[in-house]
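# Report on the structure
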Amino acid sequence: MASVAARSFVFRQQMNTRRFDFASCLNIKSFYSSYSANPKEKSPENYTQYHEVSSDNWKFVERLKPPTVVPSFPKNGSCFSDWTPPPDTPPNLPYFVKRTKNFMVPVYLNFEAVRNQRKITMVKHIEGDIWALEKAIKSHLEEVTKRQVVSQVHEVAMYIKFRGDYVLHVKKWLLNAGF
Amino acid sequence: MATKIINKTVTEFSLRITRCFFVPSKTIQTNATLFQERLETSITNVEEQLPTTIRPPLPIIHSRKLAFPPKFKAPRQVWVSNMDTVEEEKLGLIDLHPEVFAERPRVDIIHENVRWQQLYRHVSYANTKMRYEVRGGGKKPRQQKGSGRSRHGSIRSPIWRGGGIVHGPRSPTPYFYMLGFNTRLNGLRSTLSAKLAQDDLHIVDSLDIPTDDPSYLEKLVEERGWGPAVLFVDDNDIMPLNITAASDSYGHYNLMPVYGLNVYSMLKHHTLVLTLAAVERLEERLLFHLNRNDAASAGQKYRLDSV
């Protein structure tokens, strides 16, 4: 026994929102409860025509899909932004600051506001002698800004935080250092 | 007498080994002679009956291509052992990706993972009654004014002895929460790195052992100095029959597919034994998540507080 679970609320919604139109009541969607109750597929001439396109054209679809994994950056050519690619050889220093998976320099601006807008510059992905790195960056920042800089070294999570907005200064220093 | 013992052990095996080959106990009992020969040999003398392993010239496994080749970190090299013989035979040397197996172990992240694994399934059934649940206390004990005593509305109010508890435990209280995707990912990396650094990680070519005798596995583990508890990890979730039968009687030798690998189990077992297939799958999955383009959607299905 086929029981029709008709979506008549669609019809009712249409009634409420716009003027009653006889054509609108033909838009009722019916979902039958069993396979046998559903209308069967008709012969192909009852449906719209289609033609198969060559499978070579699939590349036009594929190039629209986003990559699943971060693709590598182009080796040649200049970037119009101030992004520089990571170097092929690491600098000869007791520490190393690894780029993120999107090849960006890992310096971030955090807002750790309790009552005021406290800006914190955070350097992540540090390997090696973190204290030496902190000393180097701190001395550079104090030289540039002519004021004392407060910093925090987190040895377990391997990050450094500077109190203040020094993101551009730190990024520039890291790029000059060769990271 | 001997036949009876053999029949009993055969039926015990058939009841317990359900994942490998399902063999109904009836047919085993009637066709006991089929298994008799094999069981007799395995029960009596292990060393004599094992076939001598014939191997091609070593090293069999000598190279492995790393996905997302590391730029400045050196890959960690480990021996690949065998499981064919009790004595360890090194089949080759392979590279392990440093971003998976040589990360700085974050003890705080490992702790978070262990805490999560223990707590997310915990339901507290402790219960206390509130003032409306405690028996009695519907009537006003005495009139509001005139008695000279303090005023009360019910004898089961929280300030009364025997009254309801205001902020007590309410059963059932779930402690479910989802740890962040990257925290769980880094937990696996940290634990694998710690295991490798502490010589508790071993790679084997496969989990095929020549006999299903439990004492073979015990001898193997003892001989190689693997810890009391060993966790064998393979890519497939249906393990070979012999190792399943051998490890079945031991609670401390456990088999696990790669998708079941977790921080708690790795810490609970002293030694972690991975097959080559498991290493491939592990690295492929972890490195994919570390280099994926759409990082935000990694934890999408675990977001519980948003619609």
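As the structure is a computational prediction, the values presented were derived from the model and not from experiment.

The next subject is the packing of helix α6 (residues 107–119) of chain B against helix α7 (residues 181–197) of chain B. Residues and elements named next belong to chain B. Close contact between α6 and α7 brings their axes to 8 Å; oriented N to C, the two are set at 115 degrees. In terms of orientation, α6 lies roughly perpendicular with respect to α7. As for how α6 packs across α7, the hand of that crossing is left-handed. Seen from α6, the contacting residues are Ile109, Ile110, Glu112, Asn113 and Trp116; seen from α7, they are Thr183, Arg184, Asn186, Gly187, Ser190 and Thr191. The class makeup of the residues in the contact of α6 with α7 is three nonpolar, six polar and two charged.

This paragraph deals with helix α4 (residues 167–177) of chain A. Residue and element names in this part refer to chain A. Looking only at α4, the buried set comprises Val167, Val170, Trp173 and Leu174. One side of α4 carries all its buried residues, which in axial view fall inside an arc of 135 degrees. Exposed side chains of α4 directed beyond 90 degrees from the buried face belong to Leu168, Lys172 and Asn176. Looking at the buried positions of α4, the neighbouring elements they touch are β3 (95–97), β4 (107–111), β5 (119–123) and α3 (130–145).

Another aspect to go through is the sheet that holds strand β5 (residues 201–204) of chain B. Residue and element names in this part refer to chain B. Across the sheet, which stays open at both edges, the six strands sit in the order β2-β1-β5-β8-β6-β7 with mixed pairing between neighbours. Of all the strands in the sheet, just β2 (92–96) and β7 (253–257) have a single pairing partner and so form its edges. Averaged over all neighbouring strand pairs, the angle between strand axes comes to 35 degrees, with direction disregarded. With five bridges joining them, strand β1 (residues 76–81) and β2 adopt antiparallel strand pairing. By the bridge assignment, glutamine 77 is partnered in β2 with aspartate 95. Along the sheet, helix α8 (residues 214–224) makes contact with β1, β6 (230–234) and β7, crossing β7 at roughly 95 degrees.

On to the domain arrangement of chain B. For chain B, the domain assignment lists domain 1 (74–121 + 178–300) and domain 2 (124–174). Computed from C-alpha atoms alone, the centre-to-centre distance between domain 1 of chain B and domain 2 of chain B is 54 Å.

It is worth spelling out the interface of chain A and chain B at this point. Chain A puts 17 residues into the contact, and the matching count from chain B is 15 residues. Contact with chain B buries surface across chain A, with Val69, Lys101 and Val156 of chain A losing the most and accounting together for 36% of the total. At the boundary of chain A with chain B, the tally comes to one salt bridge. The shortest N-O distance in the salt bridge between lysine 98 of chain A and glutamate 99 of chain B comes to 3.0 Å. Here chain A and chain B share six residue pairs in polar contact (both at pLDDT 80 or more) between them.

So, about the pattern of salt bridges. Residue and element names in this part refer to chain B. What the rule picks out here adds up to twelve salt bridges over all chains. In this structure, arginine 170 and glutamate 133 form a salt bridge, with 2.9 Å as the shortest nitrogen-oxygen distance. Separated by 37 residues along the polypeptide, arginine 170 in the loop between β3 (123–124) and β4 (173–174) and glutamate 133 in the loop between β3 and β4 bring together distant segments of the chain. Take arginine 170: its relative accessible area is 30%, and that puts it in the partly exposed class. You can call glutamate 133 partly exposed: its relative accessible area is 32%. Residues arginine 292 and aspartate 294 are paired through a salt bridge, measuring 3.2 Å at the closest nitrogen-oxygen approach. Exposure remark for aspartate 294: the relative accessible area of 38% places this residue in the partly exposed category.

Residues and elements named next belong to chain A. Here we have four strands laid out as an open sheet, ordered β4-β5-β8-β7, and antiparallel in their pairing. Sheet topology places β4 and β7 (151–154) at the edges, where each strand pairs with a single neighbour. On average, each strand axis in the sheet is tilted by 25 degrees relative to the strand beside it, whichever way the strands run. On top of the sheet, α3 reaches β7 and β8 (159–163); it is set at about 25 degrees to β8, its chief contact. Packing of α4 onto the sheet brings it into contact with β4 and β5, and relative to β4 it is tilted by some 165 degrees.

Rules and cut-offs
Counting starts from 1 at the beginning of each chain's written sequence and moves along it residue by residue. As a convention, the first chain written is A and the first ligand written is 1, with the rest following in written order. In keeping with the predicted nature of the model, local features appear solely for residues at pLDDT of at least 70, side-chain atom pairs appear and are counted solely at 80 or more, and the whole-chain, interface and lining totals rest on all residues. To get the side-chain values, take all heavy atoms of the structure and skip hydrogens and water. Here an axis means a line fitted to C-alpha atoms, over the contact stretch when the element is a helix, while the angle between two N-to-C directions is reported on a 0 to 180 degree scale. Secondary structure follows DSSP: runs of H or I at least 4 residues long count as helices, runs of E at least 2 residues long count as strands, and numbering of each begins at the N terminus. Our angle categories are set so that under 35 degrees counts as roughly parallel, over 145 as roughly antiparallel, 65 to 115 as roughly perpendicular, and the remainder as oblique. Crossing handedness is read from the near helix: turned anticlockwise from the far helix by less than a right angle, it gives a left-handed crossing, and turned clockwise, a right-handed one. The contact criterion used is simple: two residues touch if any of their non-hydrogen atoms lie within 4.5 Å. In this classification, the charged set is Asp, Glu, Lys and Arg, the nonpolar set is Ala, Val, Leu, Ile, Met, Phe, Trp, Tyr, Cys and Pro, and all remaining amino acids, among them Gly, are polar. When accessible area is computed with a 1.4 Å probe and restricted to protein chains, residues below 20% of their type maximum are described as buried, those above 50% as exposed, and intermediate ones as partly exposed. Arc, as used here, means the arc of the directions from the helix axis to the C-beta atoms. Note on pairing: DSSP must find at least two bridges between two strands before they are called paired. The domain boundaries here were taken from an automatic or database domain assignment. In this description, buried area is defined as the sum, over both parts, of the accessible area (probe of 1.4 Å) that is lost when the two are combined. By convention in these notes, a salt bridge is any Lys or Arg side-chain nitrogen within 4 Å of a carboxyl oxygen on Asp or Glu. Pairing of N or O atoms within 3.5 Å defines a polar contact, subject to two protein rules: one partner must be a possible hydrogen donor and the other a possible acceptor, and residues neighboring in sequence count only if both atoms are side-chain atoms.

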